[in-house]
Structures are given as structure tokens and as C-alpha cells.
Amino acid sequence: MSALADAGHTPVIIDNLVKGRSEFAEGHIFYRGDFGDRALLDRVFAERGPIGCAIHCAALIVVPESVTMPYEYYKVNVGKSIEFYMAMDELGCHRIVFSSSASLYDDVEGFRVDEDSPLRARSPYARSKLMMEMILQDMCAAYGIKAISLRYFNPIGADPKLRTGNQNRVSSLVVGKLIAAATGAEDRFYLTGTEWPTKDGTAIRDYFHIWDLAQAHVCAVERFDSALASPKAKDGYLVINVGMGRDVTVREIVEAFKMVHGKPFAIEETGPRPGDVAGAYASIDRARELLGWEPRLTVEDGIRDALRWEEKRARELNYPDA
């Protein structure tokens, strides 16, 4: 929302605040409620007039949690998304940018995947994202909706202006876990999975700055129609990878964090978590070609901004522990 506003757009935010923070919506048009609530969506469109594009980010996202709570993940991520897609069509908003995931990809030789690489979703979280993509593609073909699915790889960091950042005291994501160990919120960082068939045994990821991810959404909104005119789109539906385009192992991100942070903390190697996979990194040629987007910031920038956000949060904000 900050990136959209900075670019001259007027974001209208719907968030039930189950995981989100009301502070993040300050200065923006904000409705507290659920994206699957049709009455609320009707009210938003009645009060705010035509809305040119919907960015659908709402989802439960913790892979190990999805293994133990599949019903909740399918109910929220899939069931409510179906209603949201249909509401957008009926309310006249025919452009949708969907937050998808690189967890859909199968393992491939060399770990580099493009948008046509084989898929194999291996957790309820990943399967919920795949289902959401499949349903959205079918609805584009049937109802005249148009959609771009941005397949996120591994965003890290915070808004460089420190308006938003990690919303939980301890994050389930790697840099958040490193910060928790480095600041004493947790007693150590667990390096999970050290026997994958990678260059150092730890999983391959594609870490990139979350501000670059925000800019990808701005580009998707602004270049939506021209991107959907590409031969790579089918029936009004298009998939685009968003990442750094470079492979980084979990061990390498730990070493980068240690270099930026500069202080010792405990690290323990252990087995993989439920739902973990060897991983992949992105071909981002399509994003460059169709959106005019590419990452501008470094992994180290992402770590620094995450640490700066943590310092600000410790000074100013009262955040929950989970």
C-alpha cells in the first residue's frame, strides 16, 4: 500500500487484523473486515466507486502449520478466494493481481525455474496456492476476469522508510528467526535441513527485498493491460515469477546475516520441518519483459532494513509474541 501510494495510486485496504496491524493502514482508506465478506465488499464498492484493480494478498502462509491445520488453510485460502473472485467480477473489478508462491514448483535440475517449469505442491499451504491459481485461471476463461499471479520467492526486509515490516514478535521466516535468536527473543536459530542435494546441504532459496516485491505489484497494476496482451497470457491469465533471480542457500543467508549483524548468537543444525522442500530460484525474464521490473536492492539491504525495523519496533511499538 505504501508503494502504491508513493506511485500516486489510492489503495483501499481490507484486513481483518487477525495477523495484520492497524498501524500499517494509517493514512490510507481502511476497512476492518474479511475479504470473504460479500456485504463488506458491496459496501466498499458503494462508498469508493469503481476500483480499477484488486490485489489479493490475504492468506494463511506458514508451511509447517498448514500440515497440522489443513482445514483452516483450505477454508481461508481457497474457499474465501472463490467468493472474492466472484464478487470482484460481479462488482465490476475485472483486474486481479494474486499473491502466489514459488512453493508450487517441483524440484528441477539446477534449481532454476521459469513460469513453465513443472509444478508439485507438497504441503497444504502450497496446494492451497495452486488451487487458487487453477480456480482463478478457470474463472478468467469463463467470466472475463483478467488476472496476473505473481509467484513470490523469498522476500526479506522491511519498507526502507520503516512504515511497515514484520508484524509478529517472532516470525516463521528465516530472517525473522535469525533476528529472534540474535536479539534474545529465542534462545537459538535452528538451521533446519542440512542434507538436501545442494551445494552446501541446506535448502536453495531466492531471497529478495520486500520493497522490490512491493514495486512488482505497482508495475503489475500499471502495466496490467499490456502484460495481459502478451502471447504468454492464456484466456486472460498470466503467471510471473518475482525474485532476485539468484540462488542463495539457507546457510549462505545465515552467513550474510552474521556479517551484517556483527554479533554472535547460538545456531543449531537440525532436520527439516514438515513440508520443507529443497527449493528453487527464479528466472525473472518474464517480469523484466512484461512488467519492466527487476530487483534493485540486495540481500544485505534486506537484512539491514529488517534489523532497523526490529530496532524501531522495540522502541515504539507493542507487538504480540506470535
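Before going into details, it helps to say that this report is about the structure given with it. Everything numeric in this text was worked out from a predicted model, so none of it was measured.

1. Quick notes on helix α5 (residues 124-143)
For α5, which comprises 20 residues, the first-to-last C-alpha distance of 27 Å matches the rise-based estimate of 28 Å (1.5 Å per residue) to within 8%. Among the residues of α5, Pro-124, Tyr-125, Ala-126, Ser-128, Lys-129, Met-132, Glu-133, Leu-136, Met-139 and Cys-140 are the ones counted as buried. Where the residues of α5 are buried, they touch β3 (54-56), α3 (63-68), α4 (70-90), β4 (95-101), β6 (146-152) and β11 (237-242). Following α5 by one or two positions, Gly-144 adopts a phi angle in the positive range, close to 85 degrees.

2. Re the nonpolar core
The biggest cluster of nonpolar side chains holds 51 residues, and the ones touching the most others in it are Ile-148, Leu-150 and Ile-253. Those residues in contact with Leu-150 that lie beyond four places of it in its chain are Val-97, Phe-98, Ser-99, Ser-100, Ser-101, Ala-216, His-217, Ala-220, Ile-240, Val-242 and Leu-291.

3. Some remarks on the packing of helix α2 (residues 38-48) against α4
To characterise two packed helices, one gives the angle between the axes of the helices and the distance between these axes. Between α2 and α4, the least distance of the axes is 11 Å, while the angle of their chain directions is 30 degrees. On the basis of the axis angle, α2 is roughly parallel to α4. As α2 packs across α4, the resulting crossing turns out to be right-handed. Here α2 contributes Arg-38, Leu-41 and Phe-45 to the contact with α4, which in turn contributes Phe-84, Ala-87, Met-88 and Glu-90.

4. Comments concerning the sheet that holds β4
If you trace the four strands from one edge of the open sheet to the other, you get β3-β4-β6-β11, paired in parallel fashion. Both edges of this open sheet fall to β3 and β11, since each of them pairs with a single strand only. Strand-to-strand twist of the sheet, defined as the mean angle between neighbouring strand axes without regard to direction, takes the value 20 degrees. In this structure, β4 lies alongside β6, joined through seven bridges in parallel fashion. Each bridged residue has a counterpart across the sheet, and for Arg-95 the counterpart in β6 is Lys-146. Contacts between α4 and the sheet are confined to β3 and β4, with β3 contributing the most and set at about 175 degrees to the helix. Running at roughly 165 degrees to β6, helix α7 (residues 210-222) makes contact with β3, β4, β6 and β11 of the sheet.

5. Section: the side chain of Ser-149
Positionally, Ser-149 belongs in strand β6. Looking at Ser-149, the relative accessible area reads 0%, which means it is buried. Apart from residues no more than four positions distant in its own chain, Ser-149 is found in contact with Phe-98, Ser-100, Glu-133, Leu-136, Tyr-237, Leu-238, Val-239 and Ile-240.

6. Let's talk about the packing of aromatic side chains
Counted by the stated rule, this structure contains four aromatic pairs. Seen from their ring centres, Phe-35 and Phe-84 are 5.8 Å apart, and the 70 degrees between their planes marks the pair as edge-to-face. Separated by 49 residues along the polypeptide, Phe-35 in the loop between β2 (29-32) and α2 and Phe-84 in helix α4 bring together distant segments of the chain. Just as Phe-35 is buried, Phe-84 falls in that class too. With centroids separated by 6.2 Å and ring planes inclined at 25 degrees, the aromatic side chains of Tyr-105 and Phe-153 adopt a geometry described as stacked. Residue Tyr-105 is located in the loop between β4 and β5 (112-113), and its partner Phe-153 is located in the loop between β6 and β7 (154-156); the two are separated by 48 residues in the primary sequence. A relative accessible area of 7% places Phe-153 in the buried class.

Analysis parameters
Residues numbered from 1 in each chain as written. Predicted model: local features only at pLDDT ≥ 70, side-chain atom pairs only at ≥ 80, totals over all residues. Heavy atoms only, no water. Helix = DSSP H or I, 4+ residues; strand = E, 2+ residues; numbered from the N terminus. Expected span 1.5 Å × (residues − 1). Buried < 20%, exposed > 50% of the residue type's maximum accessible area, 1.4 Å probe, protein only. Contact = heavy atoms within 4.5 Å. Core = buried A, V, L, I, M, F, W, Y, C linked by side-chain atoms within 4.5 Å. Axes fitted to C-alpha atoms, helices over the stretch in contact; angles between N-to-C directions. Parallel < 35°, antiparallel > 145°, perpendicular 65-115°, else oblique. Left-handed = near helix turned anticlockwise from the far one by under 90°. Pairing = 2+ DSSP bridges. Phe/Tyr/Trp six-rings, centres within 6.5 Å; stacked < 30°, edge-to-face > 60°.

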